[in-house]
Amino acid sequence: MIPELGHFALILAFVVSIAQGVLPLVGARQGQAQWIALARPAAQTQFLLVAVAFGCLAQSFLGNDFSVSYVAQHSNTQLPSLYRFSAVWGGHEGSLLLWVLMLAGWGAAVSLASRRLPEVMVARVLAVLGLVGIGLLAFVLFTSNPFDRLLPAAAEGRDLNPLLQDPGLVFHPPMLYMGYVGFSVAFAFAIAALISGRLDAAWARWSRPWTTAAWVFLTLGIALGSWWAYYELGWGGWWFWDPVENASFLPWLVGTALIHSLAVTEKRGAFKNWTVLLAIAAFSLSLLGTFLVRSGVLTSVHAFASDPRRGVFILVLLAVVVGTSLTLFAWRAPKVGAGGNFGLVSRETLLLMNNVLLVVATGSVLLGTIYPLLIDALGMGKLSVGPPYFNAVFVPVMVPLLLLMAIGPMARWKHADPKAIARRLRVSLALAVIAGIGLPLLMGAWTPLTAISSLLAVWIVASGVFQIIERMKTGKPSAAFWGMHIAHFGIAVFVFGVAMVGGYQEEKDVRMEPGDTVQVGGYGFRLLTVKDAPGPNYRAAVGSVELSKNGRVLKTMYPEKRSYFSSQMPMTEAAIDAGFTRDVYVSLGEPLGNKGAWSVRVYYKPFVDWIWGGCLLMALGGLIAMLDRRYRLRVKVGAGVTAGVAA
Amino acid sequence: MKPRQKRIALIVGGLASLAIAAGLALNALDSNIALYVTPSEVAAGKAPQGKAFRIGGMVKEGTVKRQDMTVRFVVTDTVKDIPVAYTGILPDLFREGKGAVVQGRLAADGLFTASEVLAKHDENYMPPEAQHAIEQAQRAQRTLKQ
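Predicted model only: the values in this text are computed from it and were never measured.

So, about the packing of helix α8 (residues 167–196) of chain A against helix α10 (residues 243–268) of chain A. Residues and elements named next belong to chain A. Where α8 contacts α10, the axes come no closer than 11 Å and their chain directions differ by 45°. Viewed along their axes, α8 and α10 adopt a mutual orientation that is oblique. Handedness of the crossing formed by α8 with α10: left-handed. On α10, the residues touching Leu176, Tyr180, Phe183 and Ala186 of α8 are Ser248, Pro251, Gly255 and Leu258. For the contact of α8 with α10, the class distribution of residues is six nonpolar, two polar and no charged.

This is the structure in structure tokens:
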């Protein structure tokens, strides 16, 4: 009964999304106030219905209803109930339902937090979200219905992939999807503005907090995924340039560019067309990411068995979204007109360079990600593009970007004085050069990459601190100002972490018998025992590894090798001793021979936690910027138009 | 500077950075591609010489032998077998009779030294390249028999 209820709610949501997508648009065109007024209740109803459907699926999981095919494939009676809940999005059908839930949630949020926007604008924005909803709900209902029954019902479920039985999975996909799908709001604002023909500073101001909100969630989602891969996959890496990772990173890069170009559009009225294009691109890349992940066309860690025919549906949806929005753009853009003029040295120019570099980075990552697919589709053979490609193209683009990052916020709008900027950057430059020479030497070895990264990190932080001090003298800075600098500090912390791990990590794969000791990164690792231990739905071999430094015992670490009952899948659970300046990491490989020996992987990772710490700072910065007072104020815009937005 | 010159300067700057990026990208792409080769193609001498490439196929039953940290096994497309050596820790889902993809170089004696072994994180999932290799080989065999 419950699954049918969920299915029914989903069908109703589909019908409501058609009403939401069509009626307000027609109403806005013909000036019919009643149809315009439909948009808000429709968006809220849609969210309610999708939430009911989601709740029904969750209930089927918690109640072990194995007559539902999706539940039977992704759950098991032995599965702890937290994972039975997160198993809702552990497979294709459920994760799409989560996608739709997020979309409806963003729609409802816009409908509630836009009281100060003109009704016509809100109607158009919600209608565009409704149209996107039609496409995705149709996808769920017609190709990936999570409520399909299994007859006869299974006696026991196949279990959730053990890799996904982890607290990381409880949060990673919802966060990531919040971000992915959140760009639909920026997209809807852009399309609504194109339809109305009014691309102005007010539009940019309305759009900004939503774009930043999506970006914050995406940042956290990617960081969580990276952290999860680090401790759960047992490989000790934090980023693999895996196609699916790239799929989430592409919208992030374009979203970052969008945040910066929206700033120009809001403050100076320039870059309007460009901003619209970026908003379209960010959401299109989110859809492309969904296609790449969900169609099974990729060879990737994330490539679980799936049905390639579904890919065609998303591809068509992507084509429709990109096609119609670009057509609309081509039709409307010539009427938009250019914004304010600006000098060659100005904040506008620097933000333009930021955008060009970010777009180039996006393009090169995109090229490497879809190149194997294109070659395969053309029948020219199968190949893979490795991480060295991405490092080779990505790093050179990031260096100028990070250099400019310290300068951009110092430059004035319209015309900036290069000499004045240079004068204000003198101290930062000196500190950065000292750091570039000194920090790598302090770590024991000077390499160009760690040197330039240390230099850039200190360059960004020093100039940021300088600007904050300068600004504090003239009064209380705005939340947006703090947010920007905190996010930029986050980038610096991240860059430093990446460089230190890349330059100074140590790794050993060794055979160890109980009693053996191995030295890595100045630490001693002594394998004491490997014992069997039971878990709730698995059996584990638990190693005891004594960690010591300079002969002094620090602690005992317990890496595990689990074997899950229902799937017989082995899983590595690394033992990690995390610290501010370093992590040490031990994981068990497999038993070797009959003397109780195991293959053991040992890592020393300096400053690795700074990578995720930097991401947290970026997200925090975004959050603070989003809460800036001016987004909540009624602001006079143009001739008597009153507008504002509640973020 | 006049507005026109300014615009030209911006466009030239943008194009120049695009060109540099494109050059870097294509150059990097060229040197970092690993081709997928099926075991039958390797046996027929069609593997790239002196370059890393990938082989997709199944880990043949009963062929996995360990000696300390080095593992030897055979990757097969059910028609041709390629012996593989790998030093290090194998992924959790590496198992006999299951699909795997290995990346590395072929030595003159026909032994493939893998620098990377990929097995996928779903027990029912076959890497598409491994599947492809097996289908190709079986199709070729059927055509020969007819």
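Picking up after the structure, the text goes on.
In this section: the environment of serine 384 of chain A. Looking at the secondary structure, you find serine 384 of chain A in strand β1 (residues 383–385). Expressed as a C-alpha distance, the spacing of serine 384 of chain A and arginine 526 of chain A, which sit 142 residues apart in the sequence, is 39 Å.

Our focus in this paragraph is the interface of chain A and chain B. Between chain A and chain B, the contact holds 40 residues from the first and 36 residues from the second. At the level of elements, α13 (347–377), β1, α14 (387–407), β2 (506–512), β8 (570–573), β10 (582–592) and β11 (597–606) of chain A are the ones that each hand at least two residues to the side of chain A that touches chain B. The element best represented in the side of chain A that touches chain B is α13 of chain A, accounting for seven residues. Of the residues in the side of chain A that touches chain B, the class split is 24 nonpolar, twelve polar and four charged. Direction of pairing for β1 of chain A relative to strand β1 (residues 33–37) of chain B: antiparallel, over a ladder of three bridges. Within β1 of chain B, the residue paired with leucine 383 of chain A across the bridge is leucine 35 of chain B.

So, on to the sheet that holds β2 of chain A. Residues and elements named next belong to chain A. With respect to topology, four strands assemble into an open sheet ordered β2-β11-β10-β9, the strand pairing being antiparallel. Only two strands of the sheet have a single neighbouring strand rather than two, namely β2 and β9 (575–577). When strand polarity is set aside, the average angle formed by the axes of neighbouring strands in this sheet is 15°. The pairing of β2 with β11 spans seven bridges and is antiparallel. If you follow glutamate 506 over to β11, its bridge partner there is tyrosine 604.

Turning to the pairing of β11 of chain A, a few remarks are in order. Residue and element names in this part refer to chain A. Counting buried positions over the ten residues of β11 gives nine, a clear majority of the element. Pairing of β10 with β11, which is carried by nine bridges, proceeds in the antiparallel orientation. Of the residues in β11, the one forming a bridge with serine 587 is arginine 601. Hairpin connection between β10 and β11: a loop of four residues separates the two successive antiparallel strands, and glycine 593 in this loop has a positive phi of roughly 70°.

What follows deals with the pairing of strand β5 (residues 538–549) of chain A. Residues and elements named next belong to chain A. Pairing between strand β4 (residues 523–534) and β5: eleven bridges, direction antiparallel. Residue alanine 533 lies in a different strand from β5, and its bridge partner there is alanine 540. Remark: three residues form the turn of the hairpin made by β4 and β5, two consecutive strands paired antiparallel. In this sheet, strand β7 (residues 560–564) lies alongside β5 in antiparallel orientation, the contact comprising five bridges. Within β7, the residue paired with tyrosine 538 across the bridge is tyrosine 564. The pairing of β5 with strand β6 (residues 552–557) spans five bridges and is classified as antiparallel. Directly across from serine 548, in β6, lies its bridge partner valine 553.

This part takes up the confidence of the model for chain A. For chain A, per-residue confidence averages 89 on the pLDDT scale, and residues scoring 70 or more make up 95% of the total. Here residues 635–647 of chain A is a poorly scored stretch, pLDDT under 50, and it has 35 contacts once near neighbours within four places are set aside; other chains count.

For the rest of this paragraph, the subject is unusual backbone geometry. A negative phi holds for most residues other than glycine; trans holds for most peptide bonds. Residue and element names in this part refer to chain A. Cis rather than trans, the peptide bond between leucine 151 and proline 152 has omega equal to -10°. Tracing the backbone shows proline 152 in the loop between α7 (119–143) and α8. Positive phi outside glycine occurs at phenylalanine 607, with the angle close to 60°. Looking at phenylalanine 607, the number of C-beta atoms within 10 Å reads 23, which means it is buried.

Here is what the cut-offs are and how they apply
- Residues numbered from 1 in each chain as written.
- Chains lettered and ligands numbered in written order.
- Predicted model: local features only at pLDDT ≥ 70, side-chain atom pairs only at ≥ 80, totals over all residues.
- Axes fitted to C-alpha atoms, helices over the stretch in contact; angles between N-to-C directions.
- Helix = DSSP H or I, 4+ residues; strand = E, 2+ residues; numbered from the N terminus.
- Parallel < 35°, antiparallel > 145°, perpendicular 65-115°, else oblique.
- Left-handed = near helix turned anticlockwise from the far one by under 90°.
- Contact = placed C-beta atoms within 7 Å.
- Nonpolar A, V, L, I, M, F, W, Y, C, P; charged D, E, K, R; others polar.
- Pairing = 2+ DSSP bridges.
- Buried ≥ 20, exposed ≤ 12 C-beta atoms within 10 Å, placed from the backbone.
- pLDDT = per-residue confidence, 0-100.

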